[in-house]
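Below, each chain spelled out in residue letters.
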Amino acid sequence: MSGLEHITPGILVILVIACGILYRELKRAQGGYHHFIRRIPGVDAVEGAVGRCAELGRPVVFTTALTDIGPVLYACLGVLHAVARKAAQYKLKLIVPQYSPEAMALVEDTVREAYRDVGRGSSFDPDGIKFLSGEQFAFASGYMGLMHREKAGAAFMFGAFAAEALVLAEAGQQVGARQVAASVSPEQVAFFICTCDYTLIGEELFGASAYLSREPVQVATLAAQDRLKLLFLGLIGVGVVLATLQAWYPGVAAWMPHTLLSADWSSLAW
Amino acid sequence: MVTTQSTDTRTKLIRIFTFLGGIYFFLYFVLPESAVTAIGMKAHHEQISNGFIVIGAMALGLGLYNIVRAHGARVVFQRSGWFNSLALLVGLLAMIGATSAQWIENLRNTKDILSVQVLGEFAMRIVEDAKNPPTDRVVPPFAERVSALVRYGEDRVSLIESHTNVSVAAGTNGASSVLVSEVRDRIAATRAKIGELKTISWAQPGDEALSRLTQFSQDAAKLASSYSIVKRSHDAHSTPQKVYDFLFDGLFNQLGSAMFALLGVYIAAAAYRAFRVRTIESGLMMIAAVIVMLGQISFGKEIYEHMPSIRQWLLEVPNSAAFRAIRLGAGVAGLMLAIRMWLSIESKSFSSGRK
């Protein structure tokens, strides 16, 4: 269903269910329900990495790399807010190299707000938000130079990455920075696992912000994601059973989940 | 009090614009294609999408401002590494200068080429208007239009001739002598046709006169086409283009390639770290990696004939399953977050609502 330009009835049903689940979890959180979040070692390491910078007197570097404005950036900003708060509390230099000028405006606002939240608004240095380049490898080379010049104590790489991922992670490795990476790009996860101290895989990136902030809205969203994933797991299970039955009863193919989800509006003629 | 009120208004405005910005794409996605076409959304979709891109492009100024502010201050106050910042700013200005010069040169040349192309189109328009006089607009008298065409034609032909002579004087500047001589032939032909047009009485033009005009139009079109090739060839060897090519293709692209080449070294270093067998998991990864590598090369088949099939299975089954799981999880999380963003369900709005 790649390149889907218009919704199919099946996907519309899934979308309505997703909205319903989100609404229900938000209502529960509003009513004071406490959602449990399991420990994520990589997220626990965020605080430790910032603390290490305070001990060593070295700056903290946080990059969202190639992430453009969208849900992934939004998830990264939650973590950036938590990191910036810690950096402000420990009076650390925070550097946020930027690739996307659009995202830069949001990043700057997030860091400024985090400094204000801990009562250190005047310590916020806008020069810490550095636009390096809108070109992938020019950005990577700028990041490498920055890591070597600043001798960062910790580097956080959250967001969408491509071929430059290993260049960024190796730069941190070379200066001995404690590195935490989180990517929704499965191809780059392997590189991060090899070069970083902690790696958050896929959806853990979205959970990190909720885990760090424990804000009811974020935690409720996380819970809603899990409910929806359960639904998908169920659909996969049904698909597996039907695919097996198909060997004996070819007619069940019409009821396979992917067939139902991809059927367009004209099939509703009945 | 006033500040709180203005902040509230600002927040409301942001939410309204976020919702309105999102609802268009939501409706476009949710409505069936037939409905989207029927209400006219489909016809304007590209323009609206381009509008959003234009708004996004405005942010480019923010990046430029940030670079100039951060590095400019470092140069002015001669802070540590100021010479790196100076190199960056000089590079930025050089690239802006080269690109602007190339753009202006291209713009001027395109305008010249268009002005020649319009000569043939003008002649054809006169012929069409003579055959089917327009009822929806008033056109000047026929003789007056032809007279203007002749004047304009002479002017354009002189311009092309002077440009072609400049090209020849500069050693044809990349335009081959065959092309230049072709343009000269066409200049001569067009000039001859202009001469013919001058001899005809245009008060009451007959079929013969209109046929001459049509021939002139065809000759002018051929001249424009040849001139365009010579001009483009000349442009490719102009100084602004050479400077741009040197900076962009010669320097920028090569530096980018050098950075990409570094990946080879880094992959080797990362592989060394990853393949140190310290746990059962890293041992499994090592075995899988060795099988994949052996399956990729012809030597692997010599060791065990099914090695390529095992490699294929590893990539298509366990590896694809893991990739899909990551993509599905990230996709679901992205969907939930997107809904939350679109409806502006923020932590702050949540708590203020509770109050």
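Per chain, the residues get numbers from 1 upward, laid out in the order the sequence is written. As a convention, the first chain written is A and the first ligand written is 1, with the rest following in written order. Per-residue local features of the predicted model are confined to residues with pLDDT of at least 70, and side-chain atom pairs are confined, for both listing and counting, to 80 or more; whole-chain, interface and lining totals are unaffected and use all residues. In computing side-chain properties, one takes all heavy atoms of the structure into account and sets aside hydrogens as well as water.

Points about the domain arrangement of chain A
Residues and elements named next belong to chain A. Worth spelling out the cut-off: Each domain span listed reflects an automatic or database assignment of domains. Defined in terms of a 1.4 Å probe, buried area is the accessible area two parts forfeit on being brought together, summed over both. Within this document, salt bridges are pairs made up of a side-chain nitrogen of Lys or Arg and a carboxyl oxygen of Asp or Glu, the two lying within 4 Å of each other. For this scheme, ten residues count as nonpolar: Ala, Val, Leu, Ile, Met, Phe, Trp, Tyr, Cys and Pro. Four count as charged, namely Asp, Glu, Lys and Arg, and the remainder, Gly too, count as polar.
Taken domain by domain, chain A consists of domain 1 (9–36 + 217–240 + 248–260) and domain 2 (41–213). For domain 1 versus domain 2, the separation of C-alpha centres amounts to 32 Å. Taking both partners together, domain 1 and domain 2 bury about 420 Å²; carbon and sulfur atoms supply 48% of that area. The largest share of the area that domain 1 buries against domain 2 comes from Gln-218, Leu-222 and Lys-229, three residues that together contribute 76% of it. Of the charged contacts, one joins Lys-229 and Glu-203 as a salt bridge, the two residues approaching to 2.0 Å between their closest N and O atoms. Here the side of domain 1 that touches domain 2 is built from residues that sort into two nonpolar, two polar and one charged.

Side note on the interface of chain B and chain A
Keep this limit in mind: Any pair of residues with heavy atoms lying within 4.5 Å of one another is described as a contacting pair. A 3.5 Å cut-off defines polar contacts: any pair of N or O atoms within that distance qualifies, except that in protein one atom must be a possible hydrogen donor and the other a possible acceptor, and neighbouring residues in sequence count only when both atoms are side-chain atoms.
In this assembly, 55 residues from chain B lie in contact with 62 residues from chain A. Put simply, chain B and chain A have three salt bridges between them. The partner of Arg-273 of chain B in a salt bridge is Glu-170 of chain A, with the nearest N and O atoms 2.2 Å apart. The interface formed by chain B and chain A contains eleven residue pairs in polar contact (both at pLDDT 80 or more).

A closer look at unusual backbone geometry
Definition in use: We count a stretch as a helix when DSSP gives it H or I for four or more residues in a row; a strand needs E for two or more, and each element gets its number in order from the N terminus. Partly exposed residues are those whose accessible area sits between 20% and 50% of the maximum for their type, while under 20% is buried and over 50% is exposed, using a 1.4 Å probe and protein chains only.
In this structure, Lys-151 of chain A is a non-glycine residue whose phi angle is positive, near 50°. Here Lys-151 of chain A lies in the loop between α5 (136–150) and β4 (154–160). Residue classification places Lys-151 of chain A among the partly exposed positions, given a relative accessible area of 43%. Here the phi dihedral of Gln-78 of chain B falls at roughly 50°; this positive angle occurs in a residue that is not glycine. Note on Gln-78 of chain B: relative accessible area 53%, which makes it exposed.

Topic: the nonpolar core
All names here are of chain A. Which entries qualify depends on this criterion: Among buried residues, those of type Ala, Val, Leu, Ile, Met, Phe, Trp, Tyr and Cys that are joined through side-chain atoms within 4.5 Å constitute a nonpolar core.
Within the largest apolar cluster, 53 residues are counted, with the highest numbers of intra-cluster contacts made by Val-83, Leu-94, Val-111, Phe-156 and Phe-158. Ignoring anything within four residues of it in the chain, the contact list for Phe-158 reads Phe-62, Thr-63, Thr-64, Thr-67, Cys-76, Val-79, Val-180, Ala-182, Leu-200, Leu-205 and Ala-208. Within the second largest apolar cluster, 34 residues are counted, among which are Tyr-99, Ala-152, Ala-155 and Ala-181.

Looking at the side chain of Arg-145 of chain B
Residue and element names in this part refer to chain B. Assignment of secondary structure puts Arg-145 in helix α6 (residues 142–169). We classify Arg-145 as buried; its relative accessible area is 10%. Not counting residues within four places of it along the chain, the set of residues in contact with Arg-145 comprises Phe-122, Arg-125, Ile-126, Asp-129, Val-139 and Pro-140.

Section: a nonpolar patch on the surface
Definition in use: Like-charged residues are merged into a patch within 9 Å and nonpolar side chains (Val, Leu, Ile, Met, Phe, Trp, Tyr) within 5 Å, provided each residue has over 30% relative accessible area and no salt bridge. Residue burial considers only the protein chains on display, and all accessible areas are found by Shrake-Rupley using a 1.4 Å probe.
On the surface, a nonpolar cluster with roughly 480 Å² of combined accessible area is contributed by Ile-297, Phe-299, Ile-303, Tyr-304 and Ile-310 of chain B. Locating Ile-310 of chain B in the fold gives a position in helix α12 (residues 307–342).

Things to note about the packing of helix α3 (residues 71–89) of chain A against helix α8 (residues 204–213) of chain A
All names here are of chain A. Which entries qualify depends on this criterion: Axis definition: a line fit to C-alpha positions, over the contact stretch in the case of helices; interaxial angles, taken between N-to-C directions, run 0 to 180 degrees. We call a crossing left-handed when the near helix sits turned anticlockwise from the far one by less than a right angle, and right-handed when that turn is clockwise.
Close contact between α3 and α8 brings their axes to 8 Å; oriented N to C, the two are set at 35°. Crossing angle aside, the handedness with which α3 passes α8 is left-handed. Residues Pro-71, Val-72, Ala-75, Cys-76, Gly-78, Val-79 and Ala-82 of α3 pack against Leu-205, Phe-206, Ala-208, Ser-209 and Leu-212 of α8.

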